[in-house]
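Each chain is listed here by its residues.
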Amino acid sequence: MNEMSTAADYIQSKIGQAPEIGLILGSGLGVLADEIEEAVKMPYEDIPGFPVSTVEGHAGQLVYGKLRGANVIAMQGRFHFYEGYDMQKVVLPVRVMKQIGIKTLIVTNAAGGINEEFEPGDLMLIRDHINNMGTNPLIGPNDKELGVRFPDLSQAYSRDLLGLAKETANELDIKIQEGVYVANTGPVYETPAEIKMLRVLGGDAVGMSTVPEVIAARHAGLNVLGISCISNMAAGILDQPLSHDEVIETTEKVKSNFLSLVKGAVEKIVEA
Ligand code: HPA
C-alpha cells in the first residue's frame, strides 16, 4: 500500500464520521485547533507515512472533531519545502485529507504584506496566487486516480468561498483585505529589491507555503479558501529587520478575529 492509503487507513481507524472540511493552520495560527470539540489528536509521528514537522511554533498534529457543528480535520503545523521535505511530502496531508472525505480545504498562513495599504494584523482573503517556488508538486508521472495531468488553476480559490468569507467578515465587523499571495521557497525573508519586484508582478502578500498544498488540492478537485494573516510588512517597506518573533507576536494579536472568521466561514460552508 502507498503512503497515502497507509496514513488514511490509520486516521480512519481513529475517527468517527468523515470530515467535510480540512484546515491547514499556519505559523502562530494553530490555536484554532484548540477550538475543536470532541477532539481526536494524532501527532504526526504516530501517523504511518507522515513526515515530522521541525519548526518552532508548529505543534505537528492532526486534530479531528467538531467545529460549529461541522466535522473537520485540522493540521496544526504544516510541512514546508524549506525544511527539506520534497514537494510530494509537503502535499501528502492534503491528499490524505481528500482520501478520508474532505470536500473543502481552508488554508491559512502568516505572510508579509507587499501591498502598502495593508497593515500588520490585517487578514487577507487569497484571491489568487503566484507560484514563485521554481517547482511544482505535480511534477512527475501523473496518478490519474488523484487528478488530471494538466489541472486548471483559473479559479484556484473558489469564488463562492471567497464571497462567503467576505460576507462572514462583514457580518462580524472584521476588517478584511483581499489579494494575491506569492509563495517563495524561503527560508530567508526577501530582500527589499525582491519585494519591489513582487509588487510590480501583482503580489499583495508573500510567504513560504500554501501554494503547493493549493495546487495538490485543486488537482484533487477540492474547493479552496485561503486566508493570510499579514504578520509584518515585507522587507524594505518599514525601516526595520524582519523576525520570526514578530510574525508570531502579530498572529497572537489577530488571533480572536482569525478564529471568529474561520469559525464563521465553517458554519456558512456547512449550511450552504
Ligand atoms: N516573507 C516571507 N514569508 C513570511 C513573511 C515575509 O515577510 N512574513 C511571514 N511569512
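First, a word on what this report is: a plain description of the structure on this page.

### Regarding the pairing of strand S3 (residues 61-67)
Burial analysis of S3 places six of its seven residues in the buried class, which makes it a mostly covered element. Of the pairings in the sheet, the one linking strand S2 (residues 37-43) to S3 comprises five bridges and is antiparallel in character. Bridge assignment links Met42 to a residue of S3, and that residue is Leu62. Pairing between S3 and strand S4 (residues 70-76): seven bridges, direction antiparallel. By the bridge assignment, Lys66 is partnered in S4 with Asn71. Joining the antiparallel neighbours S3 and S4 is a turn of two residues, in which Arg68 adopts a positive phi near 45°.

### Re the pattern of salt bridges
For the structure on display, the rule yields ten salt bridges. Note that Asp122 is salt-bridged to Lys175, the shortest N-O span being 2.8 Å. Of this pair, Asp122 sits in the loop between strand S5 (104-113) and strand S6 (123-131) while Lys175 is found in the loop between helix H3 (159-171) and strand S7 (176-183), placing the two residues 53 residues apart along the sequence. The salt bridge partner of Glu178 is Arg127, with a shortest N-O separation of 3.3 Å.

### Notes on the site of the ligand
The environment of the ligand is formed by Ala110, Ala111, Gly112, Tyr189, Glu190, Val206, Gly207, Met208, Ser231, Asn232, Leu242 and Val247. In this structure, a nitrogen atom belonging to the ligand sits 2.7 Å away from a side-chain N or O atom of Asn232. Considered on its own, the ligand offers 260 Å² of accessible surface; in the complex 94% of this is hidden by protein. When contributions to the shell around the ligand are tallied by element, the ones reaching two or more residues are S5, strand S8 (205-207) and strand S9 (223-233). Each residue belonging to the shell around the ligand can be placed in one class, and the counts come to seven nonpolar, four polar and one charged.

### What to know about the pairing of S4
The buried fraction of S4 is high, at seven of seven residues. Side chains of S4 alternate between two faces, with Ala70, Val72, Ala74 and Gln76 and Asn71, Ile73 and Met75 buried alike. Across five bridges, strand S1 (residues 21-25) lies against S4 in parallel orientation. If you follow Leu25 over to S4, its bridge partner there is Gln76.

### Some thoughts on unusual backbone geometry
The peptide bond linking Gly186 to Pro187 adopts the cis configuration, its omega dihedral lying at 0°. Among the secondary structure elements, Pro187 is positioned in the loop between S7 and helix H4 (192-200).

### Examining the nonpolar core
Grouped together as the largest cluster of nonpolar side chains are 49 residues, with contacts concentrated most on Ile11, Met42, Ile47, Phe50, Leu62, Ile73 and Leu105. For this core, the leading source of residues is helix H2 (residues 87-99), giving seven residues. Here Phe50 is in contact with Ala7, Tyr44, Leu62, Phe79, Leu92, Pro93 and Val96, once residues within four sequence places are set aside. Judged by nonpolar contacts, the second largest core, of 32 residues, contains Leu23, Leu29, Leu67 and Ala165.

### Some remarks on the packing of H3 against helix H6 (residues 244-271)
Their axes nearest at 9 Å, the elements H3 and H6 cross at an angle of 125°. Comparing the axis directions of H3 and H6 gives the class oblique. Two packed elements cross with a definite hand, and for H3 against H6 that hand is right-handed. In this structure, H3 uses Leu161, Leu164, Ala165, Glu167, Thr168, Ala169 and Glu171 to contact H6, whose residues at the interface are Leu261, Gly264, Ala265, Lys268 and Ile269.

### Some points on the packing of aromatic side chains
We describe a pair of aromatic rings using the distance from one ring centre to the other and the angle between the two ring planes. All chains considered together, the criterion is met by four aromatic pairs. Arranged with centres 5.5 Å apart and planes meeting at 45°, the rings of Tyr44 and Phe50 form a pair that is tilted. Across the pair, Phe50 and Tyr44 agree in class, each one buried. On the numbers, 5.3 Å between centres and 80° between planes, the contact of Phe79 with Tyr85 is edge-to-face.

The rules behind the values
- Residues numbered from 1 in each chain as written.
- Predicted model: local features only at pLDDT ≥ 70, side-chain atom pairs only at ≥ 80, totals over all residues.
- Heavy atoms only, no water.
- Buried < 20%, exposed > 50% of the residue type's maximum accessible area, 1.4 Å probe, protein only.
- Helix = DSSP H or I, 4+ residues; strand = E, 2+ residues; numbered from the N terminus.
- Pairing = 2+ DSSP bridges.
- Salt bridge = Lys/Arg side-chain N within 4 Å of Asp/Glu carboxyl O.
- Near = heavy atom within 4 Å.
- Polar contact = N/O pair within 3.5 Å; in protein donor to acceptor, adjacent residues only side chain to side chain.
- Areas by Shrake-Rupley, 256 points an atom, 1.4 Å probe, with all protein chains shown as cover.
- Nonpolar A, V, L, I, M, F, W, Y, C, P; charged D, E, K, R; others polar.
- Core = buried A, V, L, I, M, F, W, Y, C linked by side-chain atoms within 4.5 Å.
- Contact = heavy atoms within 4.5 Å.
- Axes fitted to C-alpha atoms, helices over the stretch in contact; angles between N-to-C directions.
- Parallel < 35°, antiparallel > 145°, perpendicular 65-115°, else oblique.
- Left-handed = near helix turned anticlockwise from the far one by under 90°.
- Phe/Tyr/Trp six-rings, centres within 6.5 Å; stacked < 30°, edge-to-face > 60°.

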